[in-house]
Each structure stands twice: as structure tokens, then as C-alpha cells.
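Take a look at the letters that make up each chain.
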Amino acid sequence: MERYDLVIIGSGPGGYVAAIRAAQLHLSVALIEKYPALGGTCLNVGCIPSKALLDSSEKFYDAAKHFSDHGIETEKLTLNWQKMVARKDQVVKQTVGGVEYLMKKNKIAVFHGHGRFVSANEIAVEGGPTLYGRNILIATGSKPSALPTIPIDKKRIITSTEALSLPEVPRRLLIIGGGVIGVEMASIFGRLGTELVIVEFLDRLLPGMDADAAEETRRILTTDYGAKILLGHAAQSVEIGNRGVVVHVAPRAGGESFPIETDYVLVAVGRRPYTEGLDLEKAGLTVDERGRIPVNDHLQTAIPHIFAIGDVIRGPMLAHKASEDGVYVAERLAGRKPHLDYRQIPSVVYIWPEIAGVGYTEEELQKEGRPYRVGKFPYRASGRARAAHDTRGFVKVIADAKTDMLLGMHIVGARAADTIAVGVAGLAYGASAEDIFRLPLAHPTFSEALKEAALSASEGSAIHL
Ligand code: FAD
Ligand code: NAI
């Protein structure tokens, strides 16, 4: 039987990054992936293809709505959806190809086939060998959650996976769930002219993110794309008819349900950890009430030489979190002393303007009863934003009321996905709001607004406001 220091099940951003890091640190590594393509959800049907379509649709929307503001007149703009999807597929192919190359470069043994536990140290690969791992890493990720009364047929009632490769731009789309997937997909199709309805159970979009950012998101989707957003509503059932799909929607608080006719229904109500067919019990493992594999602070399961990371365990279901987990496990196995702090993991929603946040939200601090100060700076007061004609949004810096320690940063604005890196660094290195103000950031940039919001949090006033 082939023996390895580390056998990894799942090649998403958790598994493949762990494999590379472990190999760099001189462990022998095998990686098992059930699909022919490496890269998991993120590379194949998640982060990368969704961002490819977000970027393409943003260009189309910009050309249609904003080019003339810059003195660029276009005569007739046409959309070639098939080409847009083909470009997205090409981006995915290149990215997956990059991971294959990295596996070879780092001498990682890759096995394609479903992996399942035979014992606590042995994994059988379907149609392949059984591998012995001195250590085992479960990185099997997640799948879309479903609603019991709304069966997914993958044609008219779809998940994000099908939405990324639809045969046409829908004339009408109803999205169940106003979370990250719902909002990003609404942006893609809204920009291309689809009539949108979003049905969200809670009284706000983007639960878990800053409430002001969520409200700004609602405004963007309604004003830019004409989306009809039904907060505090639940989809109860669907019927597929000749003229489309009828979705029965009711207020959460009770009351009559009403029908909404649409062409496609996207179910985006969260994702669930994926452990099907792993035969966890053969290794002596179980899952918790939410289907996650329980782990301790070192990401060890109940069996000390079996680890689990990424979407299949607790914590935010994000690619960079999965990769951080993977690096952590690889480095500990190699005798290093890494650390992990999920509070420093940023969340980004790639609509335009972008939404990004890291650290505590005001709502969380209020719940904890921890006194804080807030500084907010609007992009309309930024010279760079005016030059770019992209003045929507704000930066919010949250600092401890007594110590001025940076507790959170939340941004709505152009390039927020990249600008938030300053907030991540600030939290990671224990910066105060004043420290952020004192960073000599380049002028004119979008990131300068962080200094202004930080000064405002620290002392109550900004320079340019
Ligand atoms: P996954 O990426 O799900 O990989 C798990 C892999 O394990 C899969 O390839 C699966 O086939 C394989 N596998 C499972 N069971 C077995 C088995 N028994 N044997 C062999 N192989 C197995 N996150 C971000 O940070 N940024 C984004 O912009 C972003 N956009 C997203 C957009 C969409 C539409 C979706 C759906 C998700 C998005 N995410 C994003 C979330 C991100 O994709 C996940 O958090 C991330 O992929 C989790 O990584 P993972 O390694 O834990 O699992
Ligand atoms: P989500 O948890 O972000 O949002 C799901 C939404 O559906 C919630 O707002 C919830 O209240 C709502 N909901 C649940 N049941 C409902 C019902 N019956 N009727 C109406 N609304 C209902 O999950 P989502 O959007 O599916 O995304 C899954 C995961 O993928 C997220 O955890 C996210 O982190 C990750 N992701 C990350 C992206 C990024 O980083 N940019 C992009 C896309 C996904």
C-alpha cells in the first residue's frame, strides 16, 4: 500500500493549498479529488467563474450606462452571452490548469476518484488504490442547501452552479435568498437586463455584514438594476407551467401568500458541509447537528491524526479561510507554530461598488456590550473617487472606545475588495485607529479614505470633511 505523511481528500482552496504547503515543508503528500478537474467549488463553480461573469457584466453595464459620462459615445451595444460564458469557461480552465501544474511542480501525488475511509489511516480511492496516511486531512467542502418544498430541477429551478452556465440571459429571475450568492448573481443578471425579484427571509440583505453596507447594497440593486426586493418574505412552493415558473411567496410574519411568475428560480439559501460517501464512521468520526465535522483549535478531529478544514468545518465558508486552515494544518504537521484567527478573515461581496468588511460589526459589539467609536468617511469627499466618477459608498472604521484599538473596518466603494487589505493588516498587527490614520497612503487613491475614517474614529473629525 502506498504510504504518505499526509493524505488529503478534496482539492478545493483548502485541500490543494494545504498540499502545496505540506510539500514545501518536505512532507510526502497525496491529494484525492472525485472530479476530473482540481480546484473544488471555488475554481470550478464558485469564486473564479462568478467573478469572471461579474467582471464581464460590469464592463457591459459600464459601457451602456457610464461611458458617455466620460465622453465616450457608443452607438449600438450588443451582448454576446455565449461568448461571455465561453470566456468564463476559459478563465476556469486556465486556473484549474495552474493548479495541475503546481501539483506536479511540488511532486504531489494526485488521484482522481471518490475517496472514502476504510480505517482511521486508510483511504480507498474509487477505481484506484487504497492509500495509507500517517495523517489525513478532510477538505471535502460544501454543496448548495435546498428547500424541502422547492425541488431543484437544474433547468428552471437552479443553484449557483447552473446560474453560471445558463443557456440564455433570463428575461425574469427570482432569487430565493439575499445572501452573498443572491446579491452577486442579481448583479450579474441585473446588469444584463434581467427583471429581478429577490425574496429574503430576514429584514435585511447580507446577514453578518455591516448593516449600513447591507442597506447600501439594497439601494444599489434597486436603483441600478430595478430589482424588486421582498425582505421578510419566504418562498413557500413552486409550480412549473407553460409560461414559466410560479413561485408562491408569503410574508414571514404571517399573512396571505401571493404568486410571482418568473422564468428561472435561483435557490441561494446557504451551503451545507459535504461528507457524503466518506464513510466517516469507519474512522470513528461523526458530524454535528449542522453536518459539520467537529474540530478543536488545532483543526484536529476526534481522532488526533485526522484533521478537517474549510467549508466542511465551522467558520466562514470562504476560499481564503479554507486556505488559511490548510496552511495551518500543514505547518503544524511540519513542526511550525502558525496561528489562526477567524476574526481577521475579510468578507467581500463583488458587486459594484464592492462591499468588504473585516473584524467586528457594530451589531456584534452592541450585543457584547463593548463600547466603541465609529468614524465614517464618504467616497463623495474623495478626489480619486470623483476622478473615477465612482463616488458611491463609504469607509467605516470601528475602534475600541477606551484604547482606540482597531476592531473592525467596513467599506462600500470602488476597489473595496483590495482596500480592505489595510484593515486586515491593521487587525493582524494590533493597530489602533490612529495607526491607520498615520499610514502614508498614496494620493490620489481610494484607500486614502481609510485614513480619514480612522482619524474620525480616533478623534471625531476627518481632514477632508
Ligand atoms: P471546496 O472548494 O468545496 O472543495 C472540496 C473538494 O472536495 C471538491 O472538489 C469536491 O469534489 C471534493 N470532494 C468532496 N468529497 C470528496 C470525496 N469523498 N473524495 C474526493 N473528493 C471529494 N469564497 C470566497 O472566498 N470568495 C468568493 O468570491 C467566493 N465566491 C463564491 C461563489 C459561488 C457561486 C460559490 C458557490 C462559492 C463561493 N465562495 C467564495 C465560497 C468558496 O467557493 C468556498 O468557501 C471554498 O471553495 C471552500 O473550499 P474547500 O476547499 O473547503 O471546499
Ligand atoms: P448566505 O448564507 O450568504 O445567504 C443565504 C440567505 O438566504 C440568507 O440571507 C438567509 O436569510 C436566506 N434564506 C435562508 N432560507 C430562506 C428562505 N426559505 N427564504 C428566503 N430566504 C432564505 O448563503 P449563500 O448566499 O447561499 O452563499 C453560500 C456561501 O458561499 C456563503 O457562506 C458565502 O460565504 C459563500 N460565498 C462567498 C462569496 C464571496 O466571498 N464573495 C460569493 C458567493 C458565495
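Residues numbered from 1 in each chain as written. Chains lettered and ligands numbered in written order. Predicted model: local features only at pLDDT ≥ 70, side-chain atom pairs only at ≥ 80, totals over all residues. Heavy atoms only, no water.

This paragraph deals with helix α13 (residues 448-459). The end-to-end C-alpha distance of α13 is 17 Å, a good match for the 16 Å that 12 residues give at a rise of 1.5 Å each. Burial within α13 is extensive, with 10 of its 12 residues counted as buried. Taken residue by residue, α13 has Glu448, Ala449, Leu450, Glu452, Ala453, Ala454, Leu455, Ser456, Ala457 and Ser458 as its buried positions. Next to the buried residues of α13 lie β20 (372-378), β21 (394-400), β22 (406-413), α11 (416-428) and α12 (433-437). Where α13 terminates, the next one or two residues include Gly460, which has phi positive at roughly 90°. (Helix = DSSP H or I, 4+ residues; strand = E, 2+ residues; numbered from the N terminus. Expected span 1.5 Å × (residues − 1). Buried < 20%, exposed > 50% of the residue type's maximum accessible area, 1.4 Å probe, protein only. Contact = heavy atoms within 4.5 Å.)

Ordered by their spatial adjacency, 3 strands build an open sheet running β12-β13-β14, and the pairing between neighbours is antiparallel. Either end of the sheet is taken by a strand with one partner, and the two such strands are β12 (233-240) and β14 (258-262). Across the sheet, the axes of successive neighbouring strands diverge by a mean angle of 30°, strand direction being ignored. Sheet analysis places β12 next to strand β13 (residues 245-251), joined by 7 bridges and oriented antiparallel. Its bridge partner lying in β13, Ser237 is registered against His248. (Pairing = 2+ DSSP bridges. Axes fitted to C-alpha atoms, helices over the stretch in contact; angles between N-to-C directions.)

Pairing geometry for strand β1 (residues 2-9) and strand β6 (residues 130-138), over 7 bridges, is parallel. Counterpart to Leu6 in the pairing with β6 is Asn135. In this sheet, β6 lies alongside strand β5 (residues 122-125) in antiparallel orientation, the contact comprising 3 bridges. In the strand pairing of β6, Ala124 is matched with Thr130. Both β6 and strand β17 (residues 306-308) contribute to a ladder of 3 bridges, which runs parallel. What sits directly across from Ile138, in β17, is Ala308.

With that settled, consider the site of ligand 1. Among the 38 residues in the neighbourhood of ligand 1, the closest are listed as Glu33, Thr41, Lys51, Gly115 and Ala319. Take Cys47: an N or O atom from its main chain is 3.5 Å from a nitrogen atom of ligand 1. Measuring from an oxygen atom of ligand 1, one finds a side-chain N or O atom of Lys51 at 2.6 Å. The fraction of the free accessible surface of ligand 1 (1,000 Å²) that becomes covered by protein chains is 95%. For the shell around ligand 1, the elements supplying multiple residues, two or more each, are β2 (29-33), α2 (40-45), α3 (47-65) and α8 (319-333). Here the element with the most residues in the shell around ligand 1 is α2; it accounts for 4 residues. In terms of residue class, the shell around ligand 1 is made up of 16 nonpolar, 17 polar and 5 charged. (Near = heavy atom within 4 Å. Polar contact = N/O pair within 3.5 Å; in protein donor to acceptor, adjacent residues only side chain to side chain. Areas by Shrake-Rupley, 256 points an atom, 1.4 Å probe, with all protein chains shown as cover. Nonpolar A, V, L, I, M, F, W, Y, C, P; charged D, E, K, R; others polar.)

Moving on: the sheet that holds strand β8 (residues 157-158). Spatial ordering of the open sheet is given by β8-β15-β9-β10-β11, a layout of 5 strands whose pairing is parallel. Whereas interior strands pair on both sides, the edge strands pair on one side only; in this sheet they are β8 and β11 (228-231). Pairing of strand β9 (residues 172-176) with strand β15 (residues 264-267), which is carried by 4 bridges, proceeds in the parallel orientation. When the bridges of β15 are listed, Ile175 appears paired with Leu266. Packing against the sheet, helix α7 (residues 211-225) makes contact with β10 (195-200) and β11, and its axis sits at approximately 150° to β11.

Here the focus is the layout of surface pockets. For the second largest pocket, the calculated volume is near 460 Å³. The wall of the second largest pocket is formed by 22 residues, among which Glu58, Asp62, His66, Trp352 and Asp390 lie closest to the centre. When contributions to the lining of the second largest pocket are tallied by element, the ones reaching two or more residues are α3 and α7. Tallying contributions element by element places α3 first for the lining of the second largest pocket, with 7 residues. Residue classes in the lining of the second largest pocket are distributed as 8 nonpolar, 4 polar and 10 charged. (1 Å grid on protein atoms, 1.4 Å probe; cavity = no way out; pocket = protein on both sides within 12 Å on 5 of 7 lines; lining within 4 Å. Points joined across faces, edges and corners; volume = space filled by probe spheres on them.)

On to the site of ligand 2, then. The immediate surroundings of ligand 2 are formed by 22 residues, with Ile181, Glu184, Glu200, Gly270 and Val348 found nearest. Ile181 places a polar main-chain atom, nitrogen or oxygen, 2.9 Å from an oxygen atom of ligand 2. Val348 is positioned with one of its backbone polar atoms (N or O) 2.7 Å from a nitrogen atom of ligand 2. Considering ligand 2 on its own, with 840 Å² of exposed area, one finds that the protein chains cover 78% of that surface. If you list the elements that add at least two residues to the shell around ligand 2, you get α6 (180-191) and β10. Examining the composition of the shell around ligand 2, we find that 3 residues originate from one element, α6, more than from any other.

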